[in-house]
Amino acid sequence: MGETRHTMGDDSEWVKLPVDQKCEHKLWKARLSGYEEALKIFQKIKDEKSPEWSKYLGLIKKFVTDSNAVVQLKGLEAALVYVENAHVAGKTTGEVVSGIVSKVFNQPKARAKELGIEICLMYIEIEKGEAVQEELLKGLDSKNPKITVACIETLRKALSEFGSKIILLKPIIKVLPKLFESREKAIRDEAKLIAVEIYRWIRDALKAPLQNINSVQLKELEEEWCKLPPGAPKPTRFLRSQQELEAKLEQQQSAGGDAEGGGDDGDEVPQIDAYELLEAVEILSKLPKDFYDKIEAKKWQERKEALEAVEILVKNPKLEAGDYSDLVKALKKVVGKDTNVMLVALAAKCLTGLAVGLRKKFGQYAGHVVPTILEKFKEKKPQVVQALQEAIDAIFLTTTLQSISEDILAVMDNKNPTIKQQTSLFIARSFRHCTSSTLPKSLLKPFCAALLKHINDSAPEVRDAAFEALGTALKVVGEKAVNPFLADVDKLKLDRIKECSEKVELVYGKKAGATADKRESKALPGKTVASGAAGDKDVKDAAAPKSGPVKKASVTKASGPPKKGKPATSGATGGAGSKNKKGPDVKEIVEPELSVEVCEEKASVVLPPTCLQLLDSGNWKERLACMEEFQKAVELMDRTEMPCQALVRMLAKKPGWKETNFQVMQMKLHIVALVAQKGNFSKTSAQVVLDGLVDKIGDVKCGNNAKEALTAIAEACLLPWTAEQVMSMAFSQKNPKNQSETLNWLSNAIKEFGFSGLNVKAFISNVKTALAATNPAVRTSAITLLGVMYLYVGPSLRMFFEDEKTALLSQIDAEFEKMQGQTPPAPTRGTTKNTGGGTDEGEDGDEPDEGGSDVVDLLPRVEISDKITLELVSKIGDKNWKIRKEGLDEVSSIINEAKFIQPNIGELPAALKGRLNDSNKILVQQTLNILQQLAVAMGPNVKQHVKNLGIPIITVLGDSKNNVRAAALATVNAWAEQTGMKEWLEGEDLSEELKKENPFLRQELLGWLAEKLPALRSTPTDLILCVPHLYSCLEDRNGDVRKKAQDALPFFMMHLGYEKMAKATGKLKPTSKDQVLAMLEKAKVNMPAKPAAPAKTSSKPAGGAGPAKFQPVSAPVEDSMSSPAESKPDPKKARGGGVSSKAKGVQGKKMPSKASLKEEDDRSGPIFIVVPNGKEQRMKDEKALKVLKWNFTTPRDEYIEQLKMQMSSCVARWLQDEMFHSDFQHHNKALAVMVDHLESEKEGVISCLDLILKWLTLRFFDTNTSVLMKALEYLKSLFTLLSDEEYHLTENEASSFIPYLVLKVGEPKDVIRKDVRAILNRMCLVYPASKMFPFIMEGTKSKNSKQRAECLEELGCLVESYGMNVCQPTPGKALKEMAIHIGDRDNTVRNAALNTIVTVYNVHGDQVFKLIGNLSEKDMSMLEERIKRSAKRPAAAPIKQVEERPQRTQNLNSNANMLRKGPAEDMSSRLNQARSLSGHSEAAHTVPREFQLDLDEIENDNGTVRCEMPALVQHKLDDIFEPVLIPEPKIRAVSPHFDDMHSNTASTINFIISQVASGDINTSVQALTQIDEVLRQEDKSEAMSGHIDQFLIATFMQLRLIYHTHMADEKLDKDEIIKLYSCIIGNMISLFQMENLAREASTGVLKDLMHGLITLMLDSRIEDLEEGQQVFRSVNLLVVKVLEKSDQTNILSALLVLLQDSLLATAGSPKFSELVMKCLWRMVRLLPDTINSINLDRILLDIHIFMKVFPKEKLKQCKSEFPIRTLKTLLHTLCKLKGPKILDHLTMIDNKNESELEAHLCRMMKHSLDQMGSKSDKETEKGASRMDEKSSKAKVSDFLAEIFKKIGSKENTKEGLAELYEYKKKYSDADIEPFLKNSSQFFQSYVERGLRVIEMEREGKGRITSSTGISPQMEVSCVPTPTSTVSSVGNTNGEEVGPSVYLERLKILRQRCGLENTKDDRPSLTLLSKPSVPTVVSSTDMLHSKLSQIRESREQHQHLDLDSNQMHSATTSSSSSSSSTAANIDDLKKRLERIKSSRK
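Residue indices follow the written sequence of each chain, beginning from 1 at its first position. Reporting in this predicted model follows two pLDDT cut-offs: at least 70 for local features of residues, and 80 or more for side-chain atom pairs to be given and counted; totals over whole chains, interfaces and linings ignore these cut-offs and use all residues. Side-chain figures throughout are based on the complete set of non-hydrogen atoms in the structure, without hydrogens or water.

### Notes on the overall build of the protein
Next, step 1: To qualify as a helix, a DSSP run of H or I must reach at least 4 residues; to qualify as a strand, a run of E must reach at least 2; elements of each kind are numbered from the N terminus. The secondary structure content of the protein amounts to 104 helices and 0 strands.
Next, step 2: With a 1.4 Å probe rolled over the protein chains alone, any residue whose accessible area is under 20% of its type maximum counts as buried; one over 50% counts as exposed, and the rest are partly exposed. Counting every position in the protein, which comprises 2040 residues, the buried fraction comes to 55%.
Next, step 3: In what follows, a contact means two residues having at least one pair of non-hydrogen atoms within 4.5 Å. The long-range fraction of contacts in the protein, counting pairs at least 24 apart against all pairs at least 6 apart in sequence, stands at 76%.

### What to know about unusual backbone geometry
Next, step 1: Phi at R359 takes a positive value of approximately 50 degrees, unusual for a residue other than glycine.
Next, step 2: Checked against the element boundaries, R359 lands in the loop between α19 (341-358) and α20 (363-376).
Next, step 3: Judged by its relative accessible area of 6%, R359 is buried.
Next, step 4: The phi angle at N1173 is positive, at roughly 60 degrees, despite the residue not being glycine.
Next, step 5: Relative to the assigned elements, N1173 resides in the loop between α59 (1154-1160) and α60 (1174-1183).

### Things to note about helix α98 (residues 1853-1866)
Next, step 1: Under the 1.5 Å per step criterion, the end-to-end length of α98 is 20 Å for 14 residues, consistent within 8% with the ideal 20 Å.
Next, step 2: Here α98 has its buried residues at T1853, E1855, G1856, L1857, A1858, L1860, Y1861, E1862 and Y1863. What a helix is expected to span follows from its residue count: subtract one and scale by 1.5 Å.

### Comments concerning the packing of helix α88 (residues 1643-1657) against helix α92 (residues 1710-1730)
Next, step 1: A fitted line through C-alpha atoms serves as each axis, taken over the contacting stretch for helices, and the angle formed by two N-to-C directions is quoted from 0 to 180°. Running from N to C, α88 and α92 cross one another at 120 degrees; their axes reach a closest spacing of 10 Å. One element, α88, and the other, α92, form an angle in the oblique class. In this structure, α88 crosses over α92, and the sense of that crossing is right-handed. In contact with M1650, H1651, I1654 and T1655 of α88, α92 contributes F1712, L1715, V1716 and C1719. Angle categories: roughly parallel below 35 degrees, roughly antiparallel above 145, roughly perpendicular from 65 to 115, and oblique for all the rest. Working rule for handedness: look at the near helix, and if it is turned counterclockwise from the far one by less than a right angle, call the crossing left-handed; if clockwise, right-handed.

### Concerning a negative patch on the surface
Next, step 1: Judged by side-chain charge, D1613, D1615, E1666 and E1667 come together as a negatively charged surface patch.
Next, step 2: With respect to the helices and strands, the residue D1613 is situated in the loop between α85 (1588-1606) and α86 (1614-1633). Put simply, a patch holds well-exposed residues, over 30% relative accessible area, that have no salt bridge, with like charges counted together within 9 Å and Val, Leu, Ile, Met, Phe, Trp or Tyr side chains within 5 Å. Accessible areas in this description were obtained via Shrake-Rupley with a 1.4 Å probe; residue shielding takes into account the shown protein chains only. For this analysis, a salt bridge means a side-chain nitrogen from Lys or Arg found within 4 Å of a carboxyl oxygen belonging to Asp or Glu. Within this scheme the basic residues Lys and Arg register as positive and the acidic residues Asp and Glu register as negative, but His and the chain ends are omitted. Where a charge sits is defined by one atom per residue type, namely NZ (Lys), CZ (Arg), CG (Asp) or CD (Glu).

### Things to note about the state of the cysteines
Put plainly, a disulfide is one covalent bond tying together the sulfur atoms of two cysteines.
Next, step 1: Two cysteine sulfur atoms make up a disulfide if the distance between them is within 2.5 Å. With the rule as written, the count across this model stands at 0 disulfides.
Next, step 2: Cysteine C644 shares no disulfide, and the gap to the nearest cysteine sulfur, in C717, comes to 9.4 Å.
Next, step 3: Classification of C644 as buried rests on a relative accessible area of 3%.

### Here we look at the packing of helix α46 (residues 921-938) against helix α47 (residues 946-956)
Next, step 1: One can describe the packing of α46 onto α47 by two numbers: an axis separation of 12 Å at closest approach and a directional angle of 140 degrees. As summarised for this structure, α46 and α47 are arranged oblique, according to the angle between their axes. Regarding α46 and α47, the two cross each other, and that crossing is left-handed. Residues V924, L928, L931 and L934 of α46 form the contact with α47, whose own contacting residues are L949, I953 and V956.

### Quick look at the environment of Q933
Next, step 1: Position of Q933 relative to the elements: it lies in helix α46.
Next, step 2: In sequence terms Q933 and S796 are 137 residues apart; their C-alpha atoms lie 9.7 Å from each other.
Next, step 3: In contact with Q933, other than residues within four places in its own chain, are S892, I895 and N896.
Next, step 4: Residues adjacent in sequence count toward polar contacts only when both atoms are side-chain atoms; beyond that, a polar contact is any pair of N or O atoms within 3.5 Å, and within protein one must be able to donate a hydrogen and the other to accept it. Among the polar contacts made by the side chain of Q933, one reaches the side chain of N896 at a distance of 3.1 Å.

### A word on the packing of aromatic side chains
Next, step 1: Ring pairs shown here join Phe, Tyr and Trp side chains whose ring centres sit within 6.5 Å, with only the six-membered ring taken for Trp; geometry is labelled stacked below 30 degrees between planes, edge-to-face above 60, and tilted in between. Enumeration over the complete set of coordinates arrives at 25 aromatic pairs.
Next, step 2: Arranged with centres 5.6 Å apart and planes meeting at 65 degrees, the rings of F362 and Y365 form a pair that is edge-to-face.
Next, step 3: Grouping aromatic residues by their ring pairs yields a cluster made of Y35, F42, W53, Y56, F63 and Y82.
Next, step 4: A ring has a charge above it when a Lys NZ or an Arg CZ is no more than 6 Å from the ring centre and no more than 35 degrees off the ring normal. The ring of W657 has K668 lying over it, and the distance from NZ or CZ to the ring centre is 5.9 Å.
Next, step 5: Over the face of the ring belonging to Y1603 we find R1661, whose NZ or CZ atom lies 4.9 Å from the ring centre.

### Quick look at the nonpolar core
Next, step 1: The nonpolar core is taken to be a set of buried Ala, Val, Leu, Ile, Met, Phe, Trp, Tyr and Cys residues, with the residues joined through side-chain atoms within 4.5 Å. Of all hydrophobic cores here, the largest spans 168 residues; its most connected members are F681 and F1052.
Next, step 2: Take this core: its biggest share by element is 12 residues, from helix α53 (residues 1039-1064).
Next, step 3: Apart from residues no more than four positions distant in its own chain, F681 is found in contact with I589, C644, V648, V675, A676, A686, V689, I713, A716 and C717.
Next, step 4: Core analysis: the next-biggest nonpolar cluster, separate from the first, contains 102 residues, A1557, M1584, F1672 and I1745 among them.

### Observations regarding the confidence of the model for the protein
Any region with low pLDDT has predicted coordinates that should not be read closely.
Next, step 1: Per-residue confidence for the protein gives a mean pLDDT of 76; residues scoring 70 or more make up 76%.
Next, step 2: What pLDDT reports is the predictor's confidence in each residue, on a scale of 0 through 100. Of the regions scoring below 50 in pLDDT, residues 257-270 engages in 15 contacts with residues more than four places distant in sequence or in other chains.
Next, step 3: Contacts for the low-pLDDT stretch residues 1094-1161, under 50 throughout, to residues beyond four places or in other chains number 102 contacts.

### Some details on the pattern of salt bridges
Next, step 1: Across all of its chains, the model carries 74 salt bridges by this definition.
Next, step 2: E308 is paired through a salt bridge with K304; the nearest N and O atoms lie 3.2 Å apart. Placement of the pair is E308 and K304 together in helix α17 (residues 300-314), with a separation of 4 residues, close to one helical turn.
Next, step 3: Its relative accessible area of 25% is what places K304 among the partly exposed residues.
Next, step 4: A salt bridge links D413 to K453; the nearest nitrogen and oxygen atoms lie 3.9 Å apart. Within this pair, whereas D413 is found in the loop between α22 (401-412) and α23 (417-432), its partner K453 is found in helix α24 (residues 441-454), the two being separated by 40 residues in sequence.
Next, step 5: Residue classification places K453 among the partly exposed residues on the basis of a relative accessible area of 40%.
Next, step 6: One network of salt bridges, with partners in common, ties together D1310, R1313, R1317, E1350, E1353 and E1354.

Here it is as structure tokens:
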């Protein structure tokens, strides 16, 4: 019976489990209930991102795969709701769907299957379609037919609901045939259903893949297919992201708007292309083996066989990509050359098949084949023509019109009308596939020009074809675009073109697209009609052209951005007029040549008759008169009436140009000019006169007139034509004068007319002839002409002359050099007529190129694609680098030979791209050089290759090698020069590059953009894509990247505008966002204006890009500048010229006078830029070995480079250039500037100090004395500044500088040595002498004897100034090292060593010999001799020195926080406090700075201590700091899900607590709210246990942050701060309501917390805020809670320490102390209830310390009497509550005599006893007093007995003597006689002698000890707590103290530092023989102090001065520093020995 009950109990146990555990329970009922509850929970959760969802992430698979069918159903229901609503559900897709496939689809229950399918569909809806489909397709292979059927059904439903856009059909269609073959009928039926569904979506595209299934099945399918409705299907269900679309559709339907539905159709028409669904077939290997032989065979039958074999292969609708070049070549040859027309048609069919099967992959061969096919159209046979048409149409679809345009245009001029006709028809068909974007003006222009010729053709078929083509163009791009090109067409023809245009049907459906589709489906019986180009989603259906045979309807892809085409070089015009197609104005005047008779007739009408008669008179005067009349007549003539040709023919009439009289000749030439200017002057007229003009051009007297005439003709007939004529005439005659003058005229004319349209080709050969001329004048003129051409053509011009002789080439280069940087003048002539050209260009080109790119287009370009053979390409890709190099060399020479090349370069781009990431860097560089060549050779056409070759060059910018990067940059620039920037910035390629986290790539790329962007006129559309990556660069780890990103910001903003940029910060983390927005604000000020329109002729060259780089540097000081834009072009000059003199640089800084500002603006900014946390980051990097440690014997390049890189972010660019210049003069300049800026830029200098010092160490290795002297001068000023600023050198700075400075101490020059010594001296003010000591000691080991001697002297000085404490690691070791040098071979070194040791002797006395140990006799005698000679008694000299040290050290760092904003603010809070509290001490003793706490050391070097430590403290000290450190600004936002981020609570809590102290208010508030949630729920609050200290530390850090930073921040909304305060206070109140948690707070933490809260209560700034009073009220409430709920001992102790601190801090407000005392009074009130829970020993110890620091006299001096009253009240209450027992609680106090506590308590006891007595009986009063005296006497006698007991015991005798001495000194009237009386005489004399010895020792040493701070009660952070290990341990019973005591103490310390979180802060000390001393110190300090004590006392027992730097910031030793007696030491020694042995 019991048993059954038991099991029942077990069964229902699960009811109490949480839901998620039920779901995993092994009992099915539990799981069922779990799933039901989960379902309810899921339905309730409203927020899809709720953390609740994440709990079930791992369980959903179990929900669906449950083994129990009933439970599984419920699980499926719950899973469905989960998938539908949970944001995280997507993560489960794979496992859940595979679970459904394997475990649900095989279930018999239909409901399970339904739910499974629903879940799959829901996953698809939440965008996980691919994963679902993948699992379902795997399910199709299942052996279980049920599963297969269910998978097919799911796929079908998915397709039917979501449509073919979401469900990928290709993989399904692939497996369909296999499903149709299945044995299972169910599977076959399901396959049929899905086939029907697929057909619904893609129609006939499905037929091809299913051709081979069983014919019966196919027939059934086709029947089903026929039944389908004709309309296009629409998805009925949408992805989440598309659900708005769904809503829209519904609206439309409700509006009954099916009209719009039609528009929507377009979207959903089958966009699946049958081609995509096909398997590619590999045919190359299947070609007949002898194919290539047969195709060349003589017999046509054999050739036919070969072609038929190919034809069969290419019938495959989809071919696999491969290398078809040989096959294409063979087919091309047949088409072009074969005589048998049947074979031509067959070859054409093969080409069609290839083009159709390969699609875009055939594009690369298109260029080779197109010209051949077009030329073959001369065939008349219809079947050949049809085959060729089909072929060329198919080929067109594989390429773009752009790429084959040149080939087409070339054929247009063919004489054969059939070719012309077919080409025009082909153009018409091609145009139909274009859109206005793929048919830009640049393409339209040459095509229209060519077609316009055809509409005037004599053959009607040519005309018709041309009309059709023009009509198609008109339809495609619209009238507006075409009309400019049709300006000269008469009305009839225009109407015809328009008529054609109306009939045209475009592929892109401007008219009747649908009908075309229907008609098309019948086409090409053997092939499936493919709709849409491969992979082109946007192409919906394709229509065949009307005319000509049907061709495969598919569409060319938009060919990217409009590219400039070459102007069509039409006829003899040499491309001249191609631009000027606007306005009748420009119409070229064509007139037939007239006979002389006609001319005479025409001339006689307009000229006076006498004039004509006298033309050939023999008398020159008559001829002259005739000319004058002629001139008058011409001047009066009207343009329309002037018969130009007749007039010039008259002038040429005999004697014509052979005229001998120069005056007549001059007139003649002048008249020619007039006629040309005034009349309609045609080329025919020009031909008449040009010869004569050229003949006279070299004439001294007539030359100018001839030139004038030529210019006039050039204006009438356009310069390009005129120039070409003139040049050829000049060079066909032999007269050198004429040649040189013609060249000169042309140079001039080009400047006047501009370069547009000139045929460079024609000139080059003439110029070459001229350059080879023997006459120097001709050569000079030719070179001048080249100079002018260079202005327009640019560097590419030089390529034509590379093979000239070097002498000549250098002259050409010199000429080019002159022209460098000049801009071509604006054309002054020929422009009126040329307006058309100008505007046209403006619309077309975005780059400000003023037709420049067209110029390059005129250069003759060579086709090199045939030279890029496969063999060459494979060479370039060879495994062996030498062969790769050969390949590259070949390419280089091919390009070199060709000079200018056509853009088609075959396979070369891919091959070169591969080499850009070659492992061999030399080849990478060679490739880059080739690409540079390529850019120049290809000119603007290189645009086509930007994406496939340009972007990979940018990737190379990330190379680690400097030279490779430089080469890549040069290459990118060379490319950009040709292409403009538009191509680079289009698309995502550039932003993808910037995304890569490669610092080199980022900085180079950003630098490049900063240079290029300013010059861009139009904003690149995709520039915005780079912005997110630009922002991440702004926060890059690498300084250079950050700098470059900042420099680039203004230029991005210039294009995108501030709004867009600011909006883009939305996606950043909050902290990053603020930083970036601040930078954007700054950049906004520096934003340059966008460059104006194309006027590129500004007189300031080099303006554009470069200089802008430097702007941001000067930004902060831009107040006196008029505008950033103005100053832009200048920095370049400033930088180039260098600062002309030091003075100027400085003057520029101090008084920016207008004049100097222009050159100096670059240099006016601060030279050191403060980068927040920069120095800290550098130290971290060095520690983490991310960068090289600064440690070398001579500086290698990588050190210099590294320093340069680190400096780039924080040193002004120009100064850096000076600092790293190779010439020492520049170093001097840099030093001069640094000296001048030292005072004005203190903060900057301090923030870059580590870098400055490192740079100076490099200067120590320079050989130049002047630099060295300057550097030392600077160092002296620098260290003076640092010591004034109270700066502490960090370890990192010291270790990377001092060793190198010490090297210089051995310089041969006295001056330098003196300077170095002076610097070392000053350094002791900013770096502890004891740490300098080891560095100098290291210097004594040098080989340089001067250095050894100087270092030894320096050591002596250190000991003399600072006493023995500086000797590191111990005085013994140090002295032994020094003593070695007494035996040195160099006399000066020996002397130095002896002097140093004598100095030590003077400080330290005979102990020296002990420390030195054994010396050789010779050395020892030398030393003794020297000591005698110095005959200086050991005196207290050093004390004097120490005390004379300047008083300023007293308040060491109280203002350090104010001085060093920036990094100081983040320092660990304890340390900051320590700083502000340090420095106070008793009036008499100032502590030398060296002995104060070296905060930098502790901060940056937490815990790396130089001496060996006992193993017991090898704890990672970083852990202590972790919770305290303020997180870096880049924190992650707090994750809303605890569980998401950390699996275990503790680390989650740690993480959140660390965020409480965040500098970002939102982060902090978030973290606090999370903690509040935990605290408020009782079941959860336990989690905080063990984290309380950590949390409180984070909180008061945040309080401090608010107080110092946030409240001071003007920009911050104060409401934010109030919100943060209320969160903090609310949290604390919740915390301190829970006693168990509140008690965990330790003393140190409570002290800091109370400090923070009281400071907050006194913050006057809060009073001014609205909510201020509320904050104060809450804080009050909180303080009360803290006092009541904390551990009473801890809080009381904390308040005492806080009071003591506040009284000591002179700067503190009296208000503060007052509040602390109020708290203490409240505690006193609570004492009656709490006294029993308080550890009185600890409290009394604290009071003892307090009274030691503040004896009664000192307290009475306080301004208010509160402190003394507070203390008395506290003691009084304690006495009252405890009675005489209170005296038993003094156990923790080592030396009770140090304060008046004991005496005070005794007095109080006596007083209270007296009072008690007075009540009972006045008589007993005296008795009582006697009794009291007795008891005190009894106590005294006990005390003495104790002391004598010690003296008697063997081990404690010294200690006893010391105590007796102290006792006697204190109570001089005490009587020790009775004790001595009973002892032996020997014992008595022993005691007396001992006391005397102690007295001598004390008198001699007392002064030293007290002044050098050997008080054993010295402690850290000025919280006067005795440091336990040091003080003598008054061990009352004299028994041994085991190591356990020390371990226990360490344990307390560790606990207090948060290393161990045990619940109880107070170990039960009573168990130990000697109670420990828990000190109250800020947590971090305690550990340091303890470690140091243990370490020091081990090493240097002679002196109890602890290693001052690590420990004491001030001393509070009282003059009776009693416990450092020899007795103490011995005792301690023994203890330490014990600890050591027990540790071993």
